[in-house]
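Coordinate inspection notes
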Amino acid sequence: MTRQKKEIIKKIDDLEQWIAADEELGCGFAPAGAYDGMYQEIYQLQEELAHLQHYTTLEDMLYDTRGCENSGCPW
């Protein structure tokens, strides 16, 4: 895995952990749309990661079933 991919994955994890911690500490009382900007940034980072992994779209990356033959996936 390239350094760029690792950095993108780390940024995504950091953003998701920050949102989870904020929801936990705030008891889920964030105003509507408080995390929209962060979720948009996560989506953009995921799209960039998909392109670096040679997928045409993020959805292609997320729904790729290669490697699931022996994992017990129902599909």
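Preceding this paragraph is the structure being described.
Attention in this report is confined to the structure presented alongside it. (Residues numbered from 1 in each chain as written. Predicted model: local features only at pLDDT ≥ 70, side-chain atom pairs only at ≥ 80, totals over all residues. Heavy atoms only, no water.)

Section: helix α1 (residues 3-25)
The end-to-end C-alpha distance of α1 is 32 Å, a good match for the 33 Å that 23 residues give at a rise of 1.5 Å each. Listing the buried residues of α1 in full gives Lys5, Ile8, Ile12, Leu15 and Ile19. For α1, the secondary structure elements touched by its buried residues are α2 (36-52). A positive backbone phi angle near 60° is found at cysteine 27, which sits one or two residues after α1. (Helix = DSSP H or I, 4+ residues; strand = E, 2+ residues; numbered from the N terminus. Expected span 1.5 Å × (residues − 1). Buried < 20%, exposed > 50% of the residue type's maximum accessible area, 1.4 Å probe, protein only. Contact = heavy atoms within 4.5 Å.)

Quick notes on the pattern of salt bridges
Overall, the coordinates contain 3 salt bridges when judged by the stated rule. Notably, a salt bridge pairs glutamate 7 with arginine 3, separated by 2.9 Å at the nearest N-O pair. Placement of the pair is glutamate 7 and arginine 3 together in helix α1, with a separation of 4 residues, close to one helical turn. For glutamate 7, a relative accessible area of 37% puts it in the partly exposed group. (Salt bridge = Lys/Arg side-chain N within 4 Å of Asp/Glu carboxyl O.)

What to know about unusual backbone geometry
Located in the positive-phi region is histidine 54, a residue other than glycine, with phi close to 70°. Within the secondary structure layout, histidine 54 lies in the loop between α2 and α3 (58-62). On the accessibility criterion, histidine 54 (72% relative accessible area) is exposed.

Focus on the environment of leucine 58
With respect to the helices, strands and loops of the structure, leucine 58 is situated in helix α3. Judged by its relative accessible area of 4%, leucine 58 is buried. Along the backbone, leucine 58 and alanine 20 are 38 residues apart, and their C-alpha atoms lie at a distance of 23 Å. With sequence-adjacent residues up to four places away left out, leucine 58 is seen in contact with Tyr43, Gln46, Glu47 and Ala50.

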